[in-house]
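Architecture and fold: a report
The residues making up each chain are set out below.
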Amino acid sequence: MYVSYLGVFGQASLYCIFGLPVRPPLCITNPMRGRRGWHFPKNRAVFMRNSRFRLFLLMIGILAQGVTGLAQTGAFQGSASSGPPTDQPLALSLDESLKMGLRYNLGAITSEQSSQSAKGENIVARSALYPNLSGGLRENVEQIDLSSFGFKFKFPSSLGINIPNIVGPFNYFDLRGYLTQRVADLQAIRTYQSAREAQRAAELSAADAREIVVYVVTQAYLQVLAQSARVDSAKVQVDSAQAIFQQASDRFTAGLSAKIDMTRSQVELETQQQRLTAEQADFGKQKIALARLIGLSPAQSFSLSDKLPYAPLENITLEQALTLATQNRSDLKAADAQLRAALFARKAAVAEHYPTLGIVADYGVIGVNPANSHGTFDVSGQLLFPIWAGGHTHGDIIEADATLKQRRAEYENVRDRVEADVRNAYLDLNAAAEQVRVAQSRRELARDELTQSTDRFSSGVADTVEVTQAQEVVASAESDYIANLNSHNLAKASVARAIGQAEKIMRDLLRSP
């Protein structure tokens, strides 16, 4: 229930509104004042307060999911199309892939549109604080039964006075503009402040989505580079196995070795050929996955212009990375903005207890026709204060409290997750750097072992068992080196993502010295 004081140029009335707005009974008023019944535009702000607040709480809950919801639906694994495939193969660098990913990746597009949606909600919330202007034109033709309103006129016939019960039909038109303005409405102010923070959170989530796009595109690019290196390594192994098989065949033909040596070398050759086929198939799949991230058609032919880089990470210590992450991670800033939005929303719920002050005015012309019309106006000051709303305000406060506690817990979770991301990235980086060093040494030793085994076989000192084993060791060492080198580069990419600087430093971080 609301009680309102309405002042109209010295005319005062006290009325109660229970629940929803109720139109008063139709009554006769001065047609030249144009005041028939209830003008809804003058009271619209009052009756929409609670419904708009609940809608806004719902929007905060939706926007709070942000990039997390996108990641759960795999939005970052798809993209909008950049166009049909071309006949000419493309040469893609990491820079070009990142630019295309930021433009066409579905996760970036979706988060940007969510930011625009939050911007619209902010404008809607802010509009409640601005004047609301509307206008209308109506033409009325009426006939009134006075007896239905309790008017019954009976005069003695001797007086010669006769007032009919039916008045009309008569007509008039009314061209009028309406103005409503909230002078003091703390709930509307707090709701706007909450919407402003929600918009900021959505913008920060969109910035974090760009960081994720950079990371996933870089990850996919590195995977394609690593798979390309595996294909090249498999080709080398096939060429080496082919040479050894030819040597074994020549020695068997010359009667210098048994047929089993030639058979072993042939089995090894076919094994390496099978590996090459499998690596080539995986290479094609990795290229399709990269194309899906950056908007290229799966049918588009392209090659990567960058090589598999290796460079130790320098000039960024773990302590510096933790500080940078706290300062730069957009998801942490977004969680903080969501927390502030929930705090303002809670204050808006409490403000439902407070009175509101507004101005309602209209001006227009009224008459039987435009040639016979006169200007009329009405200006009212309205003070509205709640008395009892059936527990509606208390329910809004409970709901806002629950949302606030949830946002606070989410912020603390994101804060700890950011630190965990940085520490995990450095653990992976240090482990990968050591593994690269060991794998590089093992690869050189395996190559030397294969050279010695081949020489011993050529000299007749050893058979193909030793050579085949050496070939397998070389293949394993090459695979381990490529995998560890890729892990090191992925760890550096994770560091860039963890400190919130992926879009700015990813290219420099992976550039070879």
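Residues numbered from 1 in each chain as written. Predicted model: local features only at pLDDT ≥ 70, side-chain atom pairs only at ≥ 80, totals over all residues. Heavy atoms only, no water.

Quick word on the overall build of the protein chain
- Summing up its helical and strand segments, the protein chain has eleven helices and eight strands in all.
- The buried share of the protein chain, taken over its 513 residues, is 42%. (Helix = DSSP H or I, 4+ residues; strand = E, 2+ residues; numbered from the N terminus. Buried < 20%, exposed > 50% of the residue type's maximum accessible area, 1.4 Å probe, protein only.)

What to know about the packing of helix α4 (residues 106–127) against helix α5 (residues 186–253)
- Between α4 and α5, the least distance of the axes is 8 Å, while the angle of their chain directions is 170 degrees. In terms of orientation, α4 lies roughly antiparallel with respect to α5. Listed contacts from α5 to Gly 107, Ala 108, Ser 111, Glu 112, Ser 114, Ser 115, Ala 118, Lys 119, Glu 121, Asn 122, Ala 125 and Arg 126 of α4 are Thr 191, Tyr 192, Ala 195, Arg 196, Ala 198, Gln 199, Ala 202, Glu 203, Ala 206, Ala 209 and Val 213. (Axes fitted to C-alpha atoms, helices over the stretch in contact; angles between N-to-C directions. Parallel < 35°, antiparallel > 145°, perpendicular 65-115°, else oblique. Contact = heavy atoms within 4.5 Å.)

Section: helix α7 (residues 318–328)
- Ala 321, Leu 322 and Ala 325 are the residues of α7 that are buried. Seen from one end, α7 has its buried residues packed into an arc of 100 degrees, which puts them on one side. (Arc of directions from axis to C-beta.)

Topic: the packing of aromatic side chains
- Applying the stated criterion across every chain yields a total of zero aromatic pairs.
- Note that Lys 287 overlies the ring of Phe 302, its terminal NZ or CZ placed 4.9 Å from the centroid.
- Between Arg 443 and the ring centre of Tyr 481, over which it is positioned, the NZ or CZ distance is 4.0 Å. (Phe/Tyr/Trp six-rings, centres within 6.5 Å; stacked < 30°, edge-to-face > 60°. Lys NZ or Arg CZ within 6 Å of the ring centre and 35° of its normal.)

Some thoughts on the pattern of salt bridges
- One pass over the full model with this rule turns up 24 salt bridges.
- With a shortest N-O distance of 3.8 Å, Arg 443 and Glu 478 are connected by a salt bridge. Of the two residues, Arg 443 is situated in helix α9 (residues 392–458) and Glu 478 in helix α10 (residues 464–498); the sequence distance between them amounts to 35 residues. Exposure class is identical for Arg 443 and Glu 478. Each is buried.
- A single network of salt bridges, built from pairs that share partners, joins Asp 208, Arg 329, Asp 331, Arg 417, Asp 421 and Arg 497. (Salt bridge = Lys/Arg side-chain N within 4 Å of Asp/Glu carboxyl O.)

Some remarks on the pairing of strand β7 (residues 356–369)
- In terms of strand pairing, strand β5 (residues 166–184) meets β7 through eleven bridges, oriented antiparallel. Bridge pairing links Leu 179 to Ala 361 in β7.
- Relative to strand β8 (residues 372–386), β7 runs antiparallel, the two sharing 13 bridges. Within β8, the residue paired with Ala 361 across the bridge is Val 379.
- Here β7 hands over to β8 after two residues, the two strands then running antiparallel side by side. (Pairing = 2+ DSSP bridges.)

As for α9
- An ideal rise of 1.5 Å per residue puts 99 Å on 67 residues; α9 measures up with 93 Å between its terminal C-alpha atoms.
- Gly 460 sits one or two residues past α9 and shows a positive phi near 80 degrees. (Expected span 1.5 Å × (residues − 1).)

Some remarks on the nonpolar core
- In terms of nonpolar packing, the biggest core is built from 51 residues, with Val 217, Leu 290, Ile 294 and Leu 304 touching the most fellow members.
- In terms of residue count, the dominant contributor to this core is α5 (twelve residues).
- Non-local contacts of Val 217, meaning those with residues more than four positions away in its chain, are made with Ser 97, Leu 98, Gly 101, Leu 290, Leu 293 and Ile 294.
- Ala 234, Leu 450, Val 467 and Ala 477 belong to the second-largest nonpolar core, a separate cluster that totals 17 residues. (Core = buried A, V, L, I, M, F, W, Y, C linked by side-chain atoms within 4.5 Å.)

Section: unusual backbone geometry
- The omega torsion across Gly 168 and Pro 169 is 5 degrees, close enough to zero to call that bond cis.
- On the secondary structure map, Pro 169 appears in strand β5.

Considerations on a nonpolar patch on the surface
- Taken together, the side chains of Val 183, Leu 357, Ile 359, Tyr 363, Phe 377, Val 379, Leu 383, Phe 385, Ile 387 and Trp 388 make up a nonpolar region of the molecular surface, amounting to roughly 950 Å² of accessible area.
- Contributing elements (two or more residues each) for the nonpolar patch: β7 and β8.
- If you trace the backbone, Ile 359 turns up in strand β7. (Patch = residues over 30% accessible without salt bridge, like charges linked within 9 Å, V, L, I, M, F, W, Y side chains within 5 Å. Areas by Shrake-Rupley, 256 points an atom, 1.4 Å probe, with all protein chains shown as cover.)

Description of the environment of Ile 387
- In this fold, Ile 387 is placed in the loop between β8 and α9.
- The exposure class of Ile 387 is partly exposed, given its relative accessible area of 46%.
- As a C-alpha pair, Ile 387 and His 353 span 34 residues in sequence and 8.2 Å in three-dimensional space.

Topic: the environment of Val 213
- Relative to the helices and strands, Val 213 resides in helix α5.
- Note on Val 213: relative accessible area 0%, which makes it buried.
- Taking C-alpha positions, Val 213 is 7.1 Å from Asn 105, a pair spaced 108 residues apart along the chain.
- Among residues more than four places away in sequence, those in contact with Val 213 are Phe 76, Gly 101, Leu 102, Asn 105 and Ala 108.

Let's talk about the side chain of Ser 297
- Relative to the elements of secondary structure, Ser 297 occurs in the loop between α6 (259–294) and β6 (302–304).
- The exposure class assigned to Ser 297 is buried, which follows from its relative accessible area of 17%.
- Sequence-distant contacts of Ser 297, defined by excluding residues within four places in its chain, comprise Gly 83, Pro 85 and Ala 291.

Some points on the packing of helix α8 (residues 330–350) against α9
- The N-to-C vectors of α8 and α9 enclose an angle of 165 degrees; their axes lie 8 Å apart at closest approach. Considering their axes alone, α8 and α9 lie roughly antiparallel with respect to each other. Here the hand of the crossing between α8 and α9 comes out left-handed. (Left-handed = near helix turned anticlockwise from the far one by under 90°.)

Points about the environment of Glu 211
- With respect to the element layout, Glu 211 can be found in helix α5.
- You can call Glu 211 buried: its relative accessible area is 6%.
- Here the alpha-carbon distance between Glu 211 and Arg 329, two residues 118 residues apart in the chain, equals 9.2 Å.
- There is a polar contact of 3.3 Å between the side chain of Glu 211 and the backbone nitrogen of Gln 501. (Polar contact = N/O pair within 3.5 Å; in protein donor to acceptor, adjacent residues only side chain to side chain.)

Topic: the confidence of the model for the protein chain
- Taken residue by residue, the protein chain gives an average pLDDT of 83. The fraction at 70 or more is 85%.
- The lowest-confidence element of the protein chain is strand β2 (residues 11–17), averaging 33 in pLDDT; the highest-confidence one is α8, averaging 95.
- Contacts from residues 1–48, a stretch scored under 50 in pLDDT, to residues over four places away or in other chains number 105 contacts. (pLDDT = per-residue confidence, 0-100.)

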